[in-house]
Number of protein chains: 4
Amino acid sequence: MHAEDKGINEECGVFGIWGHEKAAELTYYGLHSMQHRGQEGAGIVVSDGSQLKAHKGLGLVNDVFKHANFSTLQGDVAIGHVRYSTQGAKTLENVQPLLFHSQKGSMALAHNGNLVNAYALRSDLEEEGSILQTSSDTEVLAHLIKRNGNEVSEETITEALNQVTGAYAYLILTENQMFVALDPHGIRPLSIGRLGDAYVVASETCAFGQIGAVFEREVLPGELIMIDHGGLISTRFAMREQRKMCAMEYVYLSRPDSDVNHVNVHASRKNMGKELAKEAPSNADIVVGVPDSSTSAAIGYAEESGLPYEMGIIKNRYVGRTFIQPSQELREQGVKMKLSPVRSIIEGKRIVMIDDSIVRGTTSKRIVQMLKKAGAKEVHVRIASPAIQHPCYYGIDMSTREELIAANYELEEISNLIGADSLAYLSEAGMEKAILIDKTIHQGICTACMTGKYPLPVDGPKKPFYPACEVL
Amino acid sequence: MHAEDKGINEECGVFGIWGHEKAAELTYYGLHSMQHRGQEGAGIVVSDGSQLKAHKGLGLVNDVFKHANFSTLQGDVAIGHVRYSTQGAKTLENVQPLLFHSQKGSMALAHNGNLVNAYALRSDLEEEGSILQTSSDTEVLAHLIKRNGNEVSEETITEALNQVTGAYAYLILTENQMFVALDPHGIRPLSIGRLGDAYVVASETCAFGQIGAVFEREVLPGELIMIDHGGLISTRFAMREQRKMCAMEYVYLSRPDSDVNHVNVHASRKNMGKELAKEAPSNADIVVGVPDSSTSAAIGYAEESGLPYEMGIIKNRYVGRTFIQPSQELREQGVKMKLSPVRSIIEGKRIVMIDDSIVRGTTSKRIVQMLKKAGAKEVHVRIASPAIQHPCYYGIDMSTREELIAANYELEEISNLIGADSLAYLSEAGMEKAILIDKTIHQGICTACMTGKYPLPVDGPKKPFYPACEVL
Amino acid sequence: MHAEDKGINEECGVFGIWGHEKAAELTYYGLHSMQHRGQEGAGIVVSDGSQLKAHKGLGLVNDVFKHANFSTLQGDVAIGHVRYSTQGAKTLENVQPLLFHSQKGSMALAHNGNLVNAYALRSDLEEEGSILQTSSDTEVLAHLIKRNGNEVSEETITEALNQVTGAYAYLILTENQMFVALDPHGIRPLSIGRLGDAYVVASETCAFGQIGAVFEREVLPGELIMIDHGGLISTRFAMREQRKMCAMEYVYLSRPDSDVNHVNVHASRKNMGKELAKEAPSNADIVVGVPDSSTSAAIGYAEESGLPYEMGIIKNRYVGRTFIQPSQELREQGVKMKLSPVRSIIEGKRIVMIDDSIVRGTTSKRIVQMLKKAGAKEVHVRIASPAIQHPCYYGIDMSTREELIAANYELEEISNLIGADSLAYLSEAGMEKAILIDKTIHQGICTACMTGKYPLPVDGPKKPFYPACEVL
Amino acid sequence: MHAEDKGINEECGVFGIWGHEKAAELTYYGLHSMQHRGQEGAGIVVSDGSQLKAHKGLGLVNDVFKHANFSTLQGDVAIGHVRYSTQGAKTLENVQPLLFHSQKGSMALAHNGNLVNAYALRSDLEEEGSILQTSSDTEVLAHLIKRNGNEVSEETITEALNQVTGAYAYLILTENQMFVALDPHGIRPLSIGRLGDAYVVASETCAFGQIGAVFEREVLPGELIMIDHGGLISTRFAMREQRKMCAMEYVYLSRPDSDVNHVNVHASRKNMGKELAKEAPSNADIVVGVPDSSTSAAIGYAEESGLPYEMGIIKNRYVGRTFIQPSQELREQGVKMKLSPVRSIIEGKRIVMIDDSIVRGTTSKRIVQMLKKAGAKEVHVRIASPAIQHPCYYGIDMSTREELIAANYELEEISNLIGADSLAYLSEAGMEKAILIDKTIHQGICTACMTGKYPLPVDGPKKPFYPACEVL
């Protein structure tokens, strides 16, 4: 399923490259491979050693860069960002990397994550006379670094990072240095690769595959890396905590070909499907996955259960931003949008329908109805992750608690609400078993949205609302 | 694989609806579901009983209609078309439905197929003083109908159809009648459905599913159907020949959820995969399909062979028309475009790579290389259809004979050329067995591009070249 | 005043060039200089001796060609057209030059004027089986030429021209010949110039100035000129009638720097202003012209009367197609659009307001009101041409007789209706004296819209209405 | 002449309105009437009493607002800006009004002018930790106001204004107050009008005419005005100096229908033409002005000298931003751009050519050549202002001293360089006499660019260069 339908909004993706003459173009391809992480805006900032240049825009990576003139984006260092706004304002000024100029030099920032103390930090900064241009928490870090007229350095960045709390992966670029930082729990993914002599940094390893780079290592929790012409220097800006990689990266967010903290996402999903088949078998004729994110789990369930895997639901590849939404009337008459059932496969069958997760339940209900209308005799819903019962404060824009169906109803009730003949979720233990293949390497995962076990204290992020500046 | 990469170009898709107050909008959704049949242009002509109005444009259905004002496309009858130009000229004037006005009334035409005697017919018409506006063979039929100042009627259409030779599915619309015609061999698909009281006609049945309509029957070879306020009248304009449905519709062209001449496309592909596993097993660890068109066959192969089906190749969903193609240099350095290998799945494995067909062989070579570079120990290529050795004259824009790798090389040579450890094609018999499940219903298929057995005489279509009128 | 406000719609402009390697670009500049003759669409067809290529579009010349690739419009012969549609349909297919292809060769047509027997000719052609694509009368001529499979030649064009009646200036282009034709009364302007060795043809001589070409001669009434590599050959396709150049070309339509049939337009307007001052003097303080078209006449009136000429009305240069029209409410509160009064010039003054013509009277009323509101003590309206009382059938889209204020009211009544303190028109004799400086050269002018003396019989043009094909 | 050709670049224009429910729309029309003051970008910020909303963009006012949704720009207070960038960077972030948000409230700024100590002020601010987002000096004022966490008030603005030096007209908007400020010499124009109960502020009074508002008074040098629901309060933030209104506003920049500091611009130009005729008569046949800015002066010269005023040069109205510039080759062959000569008026005549000013001399040379080529017997150039010999530091982007022809050559030399038969400038005294009709009211004018008498010390503005952020 597509994120917007479910109520899970993608977060963001960052990409950086140091030491390749086609830095901006490679960043374009890298961002392109992480398009699923943010479809609202994209940008690249490139440095040629003496100045930073940016190209940014609202929309998909392709749309933003189709008229870009890469010949003016010269330089062998670049960082880039794809963005999903976690607040209402879809405005150009919020598109990252943010770029700041001063008479002493420039600085660009790209950020994936969410700070839980951003509101309080803004108040302090404004009290001191600072003017913030955007409504994003990314800008706060820039002001913390530049406080008192500081220059951008390992020291000033370390000092600034020690003032922020939350989940974050940062890339910071000056004319001649690139900084890479990951929060002390390593909640968001961030890896380092090599492309020849060049260093590459990306939220997902699929970006390495896209450009022919090779994975080198994970950025470590609490690590601050500085890259310049002398090479790469690693320091630690905070005590290392146990890694708590976001479980939703495996369940839903990341691309199946990415390895997140050493675990291949497709493989983990297939494992989750297998565990699910063990925990919650069902008397059925065929296994059908909800495309695209549940395909891997469905194949795993089929393999484990011995039931045939069939393409009972088709996703319309061409439904994009310009698709004209059918009126309520036409929708009720049966006009489909993204998903269509395949009647000749479904008709008369008992179906195990595999989905990766349920958020509000409205989408699940629609798909179950669709399958029944297309002739399914029974629909047994199996969810390849534990029920989502708590909001995320670390960078994923899920629905509020009031909207989370599993926070408000019992299993049986949910099954009835979505019209399923039976319903089961994967257990927390099953999920951990599927993902944490080797605990010594993979350490822990953050399951806060399922279990309420938040690795970091949260006092409810009060986010200041700023009216948007509409731009053409 | 995407068609353009392979050297097979999609043909076209037609859609018609009679008797629904939202005729134009439903046509939009119908065309949208057949977007894969033609991505170069789209159009809709609607009748409100007294006049025909059109909206047409170059580009994807979404692009063409994103600014359309459906409130001006009132009327309860409409026909539509998605187009892949089989000639160079990507011009607005060639976008269908073609619309012709005269003082006595108007006529719109939408056409899927190709006439083999179009050139000769144009010569005759021009000798008589006719001026043709487009370079498409569709316009020829319009002039044949209107010859001598005729009005559009069952008689004049029958007379015109008897002058043309080829493969075709036609929709013709006047202010108050819709005509539907299929060539005497039924080479191109065309089905009739019902949506409440409304009649629906479409190249593929997936369009029925899209709008909630129900399949009623196939249009028969040599049948001419007239729909007006009195209902539907069927006549026969030619002696019925044995049905020769294009085999490539099953192999590659149609959507997996469509039923083509009563056979579900996904099921036929899965069958082809199973037959292929029987005919050409291989010592391997995993089965990998080339997404999207080969997924069904790969699942069939896996099921039959008992080997696990894995997502070893990922298709980048966001590569579209505005994607900036990497330079040769970056491509050589490893920048990927549509397909990426998943190293953690492929590495060290012996792979059966399933593809639906090979045309020029260049794509297959690239994919095999990609898999090997990602660590595959062996790559055994299995093609889920017979080798393509002959050009198509009936509406599919395949490469010329010179470019068809199977027309010029032996099996072993091809295997070497594409760098595979072994290569096998499905046999003609295997394909027929997979598709023609019940011969009494399904009759025959056209396998001309594989076997050279052309159901219709062809003397080589001399297509007149017309320079394009570029439009903004 | 801008045409659309007054109720006079510009007609069209044609341009052709033979024998210059930058033919398409020079045509662009030539059309640009005639932009005032048609703002709805523009096009260029170029020939490189073996094929014709077109670039056409809706909108201003700049908009149509801003993305044109002139390097694909190679060839040393070109014709072009700017268009004002005299019928509702603003569609791309009606944009000229029309381009027709056949197996024997191609033909392009550009036309300024109007045929009075087009409807009857269309009927005949359709009776014979011809299909016409556009709703313009230009296409009729193409079909008449190609009747019976004719090739394009002096003979077939002569035969076709002898079947049409009306006012027209035609440019016809084949791969290797250009034809130029003017109706037997020479109602529409058409001149020939030279640019080095190249021949240039244009509706207005300002196009010659624009590209540095030199005026050579007028095309004569009833003349058919053929230009090819052998040079220019002139023939006569009809008995020459006395020239009846459209008087409105001098009064309003042409650019002041053009010479129409040997008379400079600015000079003729200044003369009309002088004659008007003699015929209708007024007790006033200053002379104010309605910009831009009445400026010349106002200067003439001022010079003859000895009153100072002042810029009492300013035209806002930036009001274009994208200007957001003020709501009725804001308009009533005083929001101005194109014209603004200059209070410090007008206040307390008795004003002679010079305008070139009055059509419906609504604009005049608005301007008089505006001047009074800005403090004018008296406003004496003086019109530098006779009253318009009859519709034009020869290519200018004026209002219908019902809307023409002078067809329905006496002088005194009109003066009251528009709120003037006095009103006078230039007499027919005065206009003729101003324009026809040397009768032996200039012959006659068509004053049908003022006097009802139609040089050609008209039986009321029944124009077939065709619904528009909207295009992106 | 158009500014860009001459080397004078328009500055900017500001507009504000307090107390009208259509505030944003009226601001649109007001900005539209001042389009000539800045064609690079435009913006509006509106307040509904509780929040500020902006719509901004690059391009002409029409282009920026053609897709604006005014229904989301609700509020009865608005300020707007049209911009000509005085630095290279044509970027959206520099488009004004600048809008700043903080947790305590928002502030918008619009600025016409130039600060001469901006560079030093930026250094100080950055030393203290401030991050500036734009490269405009307008942002500096915002940071000065907000220093130390200040709120926006009469006191903090006064304090900030006392730190800046230069020529400026400021509009500042908060949720519930509007501030208006003019520099102590009143170098830039700024007037107050009334529209019913609403207050209107604008750089030029033509904006009042545009929306039906009535001029009330000039903003005084050194005056700070605060408007809120209680009405308008005027204070003085600096000792009032003698007014030094920019002379170029009369000579070239302002619209002829504006009154600048009580003097009508057309009238002042006509006066300059008359004075010029007295100071520098010439033996000639006709007077020709270079359109549009020299038309008034030419009429004045003609009236005073008794020579006839003729339209010997035509300006092509349709040459805009999308005009395709002719190649050097075509230009040499005679392809014209904005200005065309009218041969039938010019040929054989001795011409007095009136221009408002000469900057680099290249345009004058081109026009003289053009007139001679069109047959002028003699061309006597008369400039309706004194020679420009010094750069402007107060907001007009003229050429540097090296490029100013009058800074480097004697009168005779310039006459020869531009190919004129004679040349004369208006004297300083003549200009003052023409403009300062009543010295007690009009006080003084700034003639620094002609005389070098700078009213304010300038130490050469070192402007920091920031690379542009390209946006789609």
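Keep in mind the model is a prediction, meaning the values are calculated, not measured.

## Describing the overall build of chain A
- In terms of regular secondary structure, chain A is built from 18 helices and 24 strands.
- Its C-alpha atoms give chain A a radius of gyration of 23 Å, within 12% of the compact-globule value 23 Å for 472 residues.
- The C-alpha extent of chain A, read off along each of the three principal axes, is 70 × 50 × 45 Å.
- Sequence separation of 24 or more characterises 70% of the internal contacts of chain A that already satisfy a separation of 6 or more.
- If you sum the accessible surface of chain A, you get close to 15400 Å²; carbon and sulfur atoms cover 47% of it.
- Both charge centroids of chain A, one from 46 positive and one from 58 negative side chains, sit 5 Å from each other.

## Structural notes on the environment of E216 of chain C
Residues and elements named next belong to chain C.
- Counting through the fold element by element, E216 comes out in strand β11 (residues 214–218).
- The spatial distance from the C-alpha of E216 to the C-alpha of H20 is 17 Å, given a sequence separation of 196 residues.
- Each residue touching E216, except ones within four places of it in the same chain, is listed here: I192, G193 and R194.

## Considerations on the UniProt feature "active site" (unreviewed entry) in chain A
All names here are of chain A.
- In this numbering, the UniProt entry assigns the feature "active site" (unreviewed entry) to C12.
- Note that C12 resides in the loop between α1 (3–6) and β1 (13–18).
- Residue C12 is classed as buried on the basis of its relative accessible area of 11%.
- Setting aside chain neighbours within four positions, we find C12 in contact with R37, H81, V82, R83, Y84, H111, N112 and S203.

## Focus: the sheet that holds strand β13 (residues 231–236) of chain B
All names here are of chain B.
- Strand order in the open sheet formed by six strands is β5-β6-β7-β8-β12-β13, with antiparallel pairing between adjacent strands. Each having just a single partner strand, β5 (98–102) and β13 make up the two edges of the open sheet. The mean inter-strand angle of the sheet, taken between neighbouring strand axes irrespective of direction, is 20 degrees.
- Judged from the five bridges that link them, β5 and strand β6 (residues 105–115) form a sheet pairing that is antiparallel.

## A look at the sheet that holds strand β12 (residues 223–228) of chain A
Residue and element names in this part refer to chain A.
- Strand order across the open sheet formed by six strands is β5-β6-β7-β8-β12-β13, with antiparallel pairing between neighbours. For this open sheet the edge positions go to β5 (98–102) and β13 (231–236), each flanked by a neighbour on one side alone. If you compare each strand with its neighbour and ignore which way they point, the axes differ by 20 degrees on average.
- Relative to β12, strand β8 (residues 178–182) runs antiparallel, the two being bridged by four bridges. Bridging across to β12, A181 finds its partner in L224.
- Most of the contacts of helix α6 (residues 154–161) go to β12, to which it runs at about 155 degrees, and overall it touches β7 (166–173), β8, β12 and β13.

## With respect to the pairing of strand β12 (residues 223–228) of chain C
Residue and element names in this part refer to chain C.
- Counting buried residues along β12, five of its six residues qualify, which places the element largely inside the surrounding structure.
- Alignment of β12 against strand β13 (residues 231–236), held across six bridges, turns out to be antiparallel. If you follow D228 over to β13, its bridge partner there is G231.
- In this antiparallel pair of consecutive strands, β12 and β13, the connection spans two residues.

## What to know about the environment of N408 of chain A
Residues and elements named next belong to chain A.
- You can see N408 is positioned in helix α14 (residues 405–408).
- Residue classification places N408 among the partly exposed residues on the basis of a relative accessible area of 43%.
- Spatially, the C-alpha atoms of N408 and Q389 are 8.2 Å apart, while their sequence positions differ by 19 residues.
- Excluding anything up to four places from it in sequence, N408 contacts R401 and E402.
- At a separation of 2.8 Å, a polar atom in the side chain of N408 contacts the main-chain carbonyl oxygen of L404.

## As for the relation of the copies chain A and chain B
- If you rotate chain A by 180 degrees and push it 0.0 Å along the axis, it lands on chain B with an RMSD of 0.0 Å. The relationship between the two copies is best expressed as a two-fold rotation axis. Of the C-alpha atoms belonging to chain A, the one lying closest to the rotation axis is found on R317 of chain A, 3.9 Å away.
- In this assembly, 100% of the residues forming the interface of chain A have copies in chain B that are likewise at the interface, indicating an isologous arrangement.

## Here we look at the interface of chain A and chain B
- Listed as interface residues are 60 residues of chain A and, on the opposing side, 60 residues of chain B.
- Of the roughly 4800 Å² buried between chain A and chain B, counting both surfaces, carbon and sulfur atoms make up 56%.
- Where chain A packs against chain B, one counts two salt bridges.
- Note that E310 of chain B and K270 of chain A form a salt bridge whose closest N and O atoms lie 2.1 Å from each other.
- Applying the counting rule to chain A against chain B returns 22 residue pairs in polar contact (both at pLDDT 80 or more).
- Broken down by secondary-structure element, the contributors of at least two residues to the side of chain A that touches chain B are α2 (23–33), α3 (61–65), α7 (206–211), α9 (265–279), α10 (295–305), α11 (328–333) and α12 (343–346) of chain A.
- In terms of residues, the side of chain A that touches chain B owes the most to one element, α2 of chain A, which gives six residues.
- By residue class, the composition of the side of chain A that touches chain B is 23 nonpolar, 22 polar and 15 charged.

## Focus on the UniProt feature "binding site: [4Fe-4S] cluster" (unreviewed entry) in chain A
Residue and element names in this part refer to chain A.
- Mapped onto the present numbering, the UniProt feature "binding site: [4Fe-4S] cluster" (unreviewed entry) falls on C246, C392, C446 and C449. In three dimensions, the annotated residues from a span of 204 residues occupy one location, with a maximal C-alpha spread of 10.2 Å.
- Mapped onto the elements of the fold, C446 is located in strand β23 (residues 444–446).
- With residues up to four places along the chain from it excluded, the contact list for C446 reads K244, M245, C246, A247, Y394 and P455.
- By secondary structure assignment, the location of C449 is in helix α18 (residues 448–451).

## Quick look at the packing of α9 of chain A against α10 of chain A
All names here are of chain A.
- As a packed pair, α9 and α10 sit with axes 7 Å apart at the nearest point and diverge in direction by 45 degrees. Between α9 and α10, the angle falls in the class oblique. At the point where α9 passes α10, the crossing takes the right-handed sense. Note on element contacts: α10 touches α9 through S296, A297, I299, G300, Y301, E303, E304 and S305, opposite H266, R269, K270, G273, K274, L276, A277 and K278.
- Partitioned by chemical class, the residues of the contact of α9 with α10 number five nonpolar, five polar and six charged.

## Here's the deal with the domain arrangement of chain A
- Along its sequence, chain A is carved into domain 1 (3–241) and domain 2 (259–451).
- Between the C-alpha centres of domain 1 of chain A and domain 2 of chain A there is a distance of 32 Å.

## Some points on the pattern of salt bridges
- Under the criterion given, the structure shown has 82 salt bridges over all chains.
- A salt bridge links K270 of chain B to E303 of chain B; the shortest N-O distance between them is 2.7 Å. Residue K270 of chain B is located in helix α9 (residues 265–279), and its partner E303 of chain B is located in helix α10 (residues 295–305); the two are separated by 33 residues in the primary sequence.
- One salt bridge in this structure joins E223 of chain C and R217 of chain C, with 2.7 Å as the shortest N-O distance.
- By relative accessible area, which is 25% here, R217 of chain C ends up partly exposed.
- Where salt bridges share partners, they join R37, R188, E204 and E249 of chain A into one cluster.

## What about unusual backbone geometry?
- For the bond running from Q96 of chain A to P97 of chain A, omega is -5 degrees, close enough to zero to count as cis.
- Tracing the backbone shows P97 of chain A in the loop between β4 (77–83) and β5.
- The phi torsion at H262 of chain D lies on the positive side, around 80 degrees, for a residue other than glycine.
- With respect to the element layout, H262 of chain D can be found in the loop between β15 (259–260) and β16 (263–264).
- Overall, H262 of chain D belongs to the partly exposed group, its relative accessible area being 42%.

## Notes on the packing of helix α5 (residues 138–146) of chain A against α6 of chain A
Residues and elements named next belong to chain A.
- For the pair α5 and α6, the least separation of the axes is 8 Å and the interaxial angle reads 125 degrees. By the angle class used here, α5 and α6 are oblique. Crossing of α5 over α6 shows right-handed handedness. In this structure, α5 uses L141, L144 and I145 to contact α6, whose residues at the interface are T156, I157, A160 and L161.
- Of the residues assigned to the contact of α5 with α6, the class counts are six nonpolar, one polar and no charged.

## Details of a negative patch on the surface
- A cluster of acidic residues, E21, D48 and D76 of chain A together with E329 and E332 of chain B, forms a negative patch on the protein surface.
- The exposed category is assigned to E332 of chain B, whose relative accessible area is 57%.

The rules behind the values
- Residues numbered from 1 in each chain as written.
- Chains lettered and ligands numbered in written order.
- Predicted model: local features only at pLDDT ≥ 70, side-chain atom pairs only at ≥ 80, totals over all residues.
- Heavy atoms only, no water.
- Helix = DSSP H or I, 4+ residues; strand = E, 2+ residues; numbered from the N terminus.
- Rg over C-alpha atoms; globule rule 2.2 N^0.38 Å.
- Contact = heavy atoms within 4.5 Å.
- Areas by Shrake-Rupley, 256 points an atom, 1.4 Å probe, with all protein chains shown as cover.
- Lys, Arg positive; Asp, Glu negative; His and termini not counted.
- Charge placed at Lys NZ, Arg CZ, Asp CG, Glu CD.
- UniProt positions renumbered as here; feature names shortened; annotations may be inferred.
- Buried < 20%, exposed > 50% of the residue type's maximum accessible area, 1.4 Å probe, protein only.
- Pairing = 2+ DSSP bridges.
- Axes fitted to C-alpha atoms, helices over the stretch in contact; angles between N-to-C directions.
- Polar contact = N/O pair within 3.5 Å; in protein donor to acceptor, adjacent residues only side chain to side chain.
- Least-squares fit on C-alpha atoms with pLDDT ≥ 70 in both.
- Buried area = accessible area lost by both parts, 1.4 Å probe.
- Salt bridge = Lys/Arg side-chain N within 4 Å of Asp/Glu carboxyl O.
- Nonpolar A, V, L, I, M, F, W, Y, C, P; charged D, E, K, R; others polar.
- Parallel < 35°, antiparallel > 145°, perpendicular 65-115°, else oblique.
- Left-handed = near helix turned anticlockwise from the far one by under 90°.
- Domains from an automatic or database assignment.
- Patch = residues over 30% accessible without salt bridge, like charges linked within 9 Å, V, L, I, M, F, W, Y side chains within 5 Å.

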